[in-house]
Amino acid sequence: MKRRSLGKFSLLTSLARYYTKIKGLSPGSECQMQTTVLLFDRFHDGNGKTRINRLSPQAVNDFLIHRRDAGIKPGTVQANRGKLVSLWNFAFEEGLLKEPPRKVMRIKVPRQAVDCWTLDELRLILAEAEKLPGTFESMPIPRGLYLKSLCLGNYDSGLRLGDLLSLDRKSL
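Now for a description of the structure that goes with this document. (Residues numbered from 1 in each chain as written. Predicted model: local features only at pLDDT ≥ 70, side-chain atom pairs only at ≥ 80, totals over all residues. Heavy atoms only, no water.)

## Here's the deal with the overall build of the protein chain
- Check the secondary structure of the protein chain and you find 7 helices and 0 strands.
- When the helices and strands of the protein chain are read in sequence order from the N terminus, they spell out α-α-α-α-α-α-α.
- A compact globule built from 172 residues should have a C-alpha radius of gyration of about 16 Å, whereas the protein chain, at 24 Å, is more than 25% larger.
- Each principal axis of the C-alpha distribution contributes one length, and for the protein chain these read about 65 × 35 × 30 Å.
- Counting every position in the protein chain, which comprises 172 residues, the buried fraction comes to 30%.
- Contacts in the protein chain between residues far apart in sequence, at least 24 positions, make up 54% of those at least 6 positions apart. (Helix = DSSP H or I, 4+ residues; strand = E, 2+ residues; numbered from the N terminus. Rg over C-alpha atoms; globule rule 2.2 N^0.38 Å. Buried < 20%, exposed > 50% of the residue type's maximum accessible area, 1.4 Å probe, protein only. Contact = heavy atoms within 4.5 Å.)

Okay, here's the thing in C-alpha cells:
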C-alpha cells in the first residue's frame, strides 16, 4: 500500500473533519465524532494539535480508561472507542498510518433490564385510550382505536415508537 504524506491531515481534528465529509455522516454523528476527537485531544494536552500518528493502542486505551474511571457511562465510552477506531481505520486505509488499529480494549456495556408495563397497567392504559373522543382530521379513524392499537402494537412487539410508526404493510 502506498503511504501518503500526512500533509494537511497531520492533525487529528483535520482528519476528523475530512472523514465526516467523505463518509457523509449526519450532523449528529459529525458532532459526536468531533466531540470524541476533542476529548481525546484534551486528554493528551493537544490543544487542537494532536497529530494523527498519536493514535496508538496505548494512547487510545489510556483515554478510554480515563473516561471509564471518570464515571462516564459504559455506552458512551464504547461509542468513543468506536469513533476513534473508525477514524484510525480510515487513516490506515488512506495510507496515513502504517498500522491498523489493534489491541484497543473492548468496553463491556452491561445489559439493562427492560422496564415494561404490567398487565394491570396495560389494561388501564387501553381502557383510557378507548375513552379518547373524536377522529383525526387527516384520516377517518377514531382516536381511541388508533391509540389502543398503537399501545397493543408496542406491547406485543417491543418496538420503539418511531420504529412502530414507520412500519408499512409490507413489513407486517
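## Remarks on helix α2 (residues 27-43)
- In this model, α2 (17 residues) spans 24 Å end to end at C-alpha, consistent with the 24 Å of a helix rising 1.5 Å per residue.
- Within α2 the residues assigned to the buried category are Met33, Thr36, Val37, Phe40 and Asp41. Summarising the axial view, the buried residues of α2 lie within an arc of 135 degrees, below the 170-degree limit, and thus occupy one face. Away from its buried face, by an angle of more than 90 degrees, α2 presents the exposed residues Pro27 and Arg42.
- At its buried positions, α2 is contacted by α1 (12-23), α3 (57-69) and α4 (74-93). (Expected span 1.5 Å × (residues − 1). Arc of directions from axis to C-beta.)

## Structural notes on the pattern of salt bridges
- Per the counting criterion, the structure on display carries 7 salt bridges.
- The partner of Glu99 in a salt bridge is Arg102, and the shortest N-O contact between them spans 3.1 Å.
- Judged by relative accessible area, which is 48%, Arg102 ranks as partly exposed. (Salt bridge = Lys/Arg side-chain N within 4 Å of Asp/Glu carboxyl O.)

## Re unusual backbone geometry
- Positive phi outside glycine occurs at Lys103, with the angle close to 60 degrees.
- Positionally, Lys103 belongs in the loop between α4 and α5 (119-130).
- Here Lys103 falls in the exposed class, since its relative accessible area comes to 75%.

## Focus: the nonpolar core
- Among the nonpolar cores identified, the biggest contains 24 residues, and Phe40, Val60 and Leu87 are the most heavily contacted of them.
- Beyond its immediate stretch of four places on either side in the chain, Leu87 contacts Leu12, Leu15, Ala16, Tyr19, Met33 and Val37. (Core = buried A, V, L, I, M, F, W, Y, C linked by side-chain atoms within 4.5 Å.)

## Remarks on the packing of aromatic side chains
- In this structure the tally under the stated criterion is 6 aromatic pairs.
- Taken together, a centroid distance of 6.5 Å and an interplanar angle of 5 degrees make the contact between Trp117 and Tyr155 stacked. Taken together, the positions of Trp117 in the loop between α4 and α5 and Tyr155 in helix α6 (residues 143-157) put the pair 38 residues apart, joining distant regions of the chain.
- Residue classification places Tyr155 among the partly exposed positions, given a relative accessible area of 31%.
- Measuring from centroid to centroid gives 5.2 Å for Phe136 and Tyr146, while their planes differ by 80 degrees, and the two rings are edge-to-face. In this pair, Phe136 is assigned in the loop between α5 and α6 and Tyr146 in helix α6, connecting sequence segments 10 residues apart.
- Looking at Phe136, the relative accessible area reads 22%, which means it is partly exposed.
- In this structure Tyr146 comes out as partly exposed when scored by relative accessible area, which is 29%.
- In textbook terms, an aromatic cluster arises when at least three aromatic residues are bridged by ring pairs, as seen for Tyr18, Tyr19 and Phe90. (Phe/Tyr/Trp six-rings, centres within 6.5 Å; stacked < 30°, edge-to-face > 60°.)

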